[in-house]
Amino acid sequence: MSNAKENVLFYICKILFDKKNAPIVAIVPNIWVQNCSNMYFCFWLPQKFQVTKMIKSVVLPDEETWFQYPCEIFKTFGTYEEARSKSNYNFEGRNSGKHAFKDLIMFSILLDVTMMKHPTGSEDVIGCRVKNWLRLAPTRDKYKK
């Protein structure tokens with residue numbers, strides 16, 4: 001995999017995964033996004049790779065092994081750091097006195113247990129799925145009544 005850091009912009013976009021996986025809002029390099037007849041598609045790595053590291057390194061997508069999902073672009077920034085600091089999205093819980101989920105003891109326990117059952121899983125994917133599950137917990141309670 002090669003890097004392409006010249007003239008790179010970063011998008012904040014909502015990636016619409018398949019029916020099994022909830023959509024996520026992520027910062028991605030513009031080289032991961034393609035415009036096909038006014039519809040945008042984002043390349044996404046296979047589950048076992050470290051997504052954040054690949055995004056920051058601006059790794060060129062491998063069209064044969066990476067997945068492509070529909071996406072919606074919200075904002076464009078010149079650098080990854082600018083996208084993190086100037087966006088209204090809270091990617092790691094650093095605003096409002098919150099702590100990053102990945103820094104909590106609960107996350108390390110969940111990660112250890114999950115990795116025992118699914119050794120090919122990645123920290124990024126497990127963290128994303130647990131956060132989505134926790135985020136939707138109030139909705140599940142609403143429908144139980």
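Going by the structure above, here's the rest.
Residues numbered from 1 in each chain as written. Predicted model: local features only at pLDDT ≥ 70, side-chain atom pairs only at ≥ 80, totals over all residues. Heavy atoms only, no water.

## With respect to the packing of aromatic side chains
Operational definition: Think of it this way: a Phe, Tyr or Trp ring, Trp meaning its six-membered ring, pairs with another when their centres are within 6.5 Å, and the plane angle makes it stacked under 30 degrees, edge-to-face over 60, tilted otherwise. Numbering goes from the N terminus for both helices and strands, where a helix is a DSSP run of H or I of at least four residues and a strand is a run of E of at least two. Throughout this description, buried means an accessible area under 20% of the type-specific maximum (1.4 Å probe, protein chains only), exposed means over 50%, and partly exposed covers the range between.
All chains considered together, the criterion is met by 6 aromatic pairs. When the ring of tryptophan 32 is compared with that of tryptophan 66, the centres are 4.9 Å apart and the planes differ by 85 degrees; the resulting orientation is edge-to-face. Taken together, the residues span a long stretch of sequence, with tryptophan 32 in the loop between strand S2 (24-29) and strand S3 (33-36) and tryptophan 66 in the loop between helix H1 (51-56) and strand S5 (67-77) at a distance of 34 residues. The exposure class assigned to tryptophan 32 is buried, which follows from its relative accessible area of 0%. Judged by its relative accessible area of 5%, tryptophan 66 falls in the buried class. Ring geometry for phenylalanine 67 against tyrosine 69: centres 6.2 Å apart, planes inclined by 45 degrees, an arrangement best described as tilted. Of the residues examined, tyrosine 69 reaches a relative accessible area of 13% and is grouped as buried. Linked through ring pairs, Phe17, Trp32, Trp44, Trp66, Phe67 and Tyr69 together constitute an aromatic cluster.

## Things to note about the nonpolar core
What counts, and what does not: Here the nonpolar core consists of buried residues drawn from Ala, Val, Leu, Ile, Met, Phe, Trp, Tyr and Cys, with membership extended through side-chain atoms lying within 4.5 Å. Only heavy atoms matter for contacts: two residues are in contact if any of them lie within 4.5 Å across the pair.
Membership of the largest hydrophobic core comes to 28 residues, with the highest contact counts inside it found for Phe10, Ile15, Val28, Trp32, Cys42, Trp44 and Ile55. Considering every element that reaches this core, the biggest residue donor is strand S1 (residues 10-15), with 5 residues. Once you skip the residues sitting within four places of it in the chain, tryptophan 44 turns out to touch Ile15, Phe17, Ile24, Ala26, Val28, Trp32, Val51, Ile55, Trp66, Phe67 and Tyr69.

## A closer look at unusual backbone geometry
Trans is the common state for peptide bonds, and a negative phi is the common state for residues other than glycine. Of note in the backbone geometry, serine 37 takes a positive phi value of approximately 55 degrees without being a glycine. Along the chain, serine 37 turns up in the loop between S3 and strand S4 (39-44). For serine 37, a relative accessible area of 73% corresponds to the exposed category. The backbone of asparagine 38 shows a phi angle near 65 degrees, a positive value even though the residue is not glycine.

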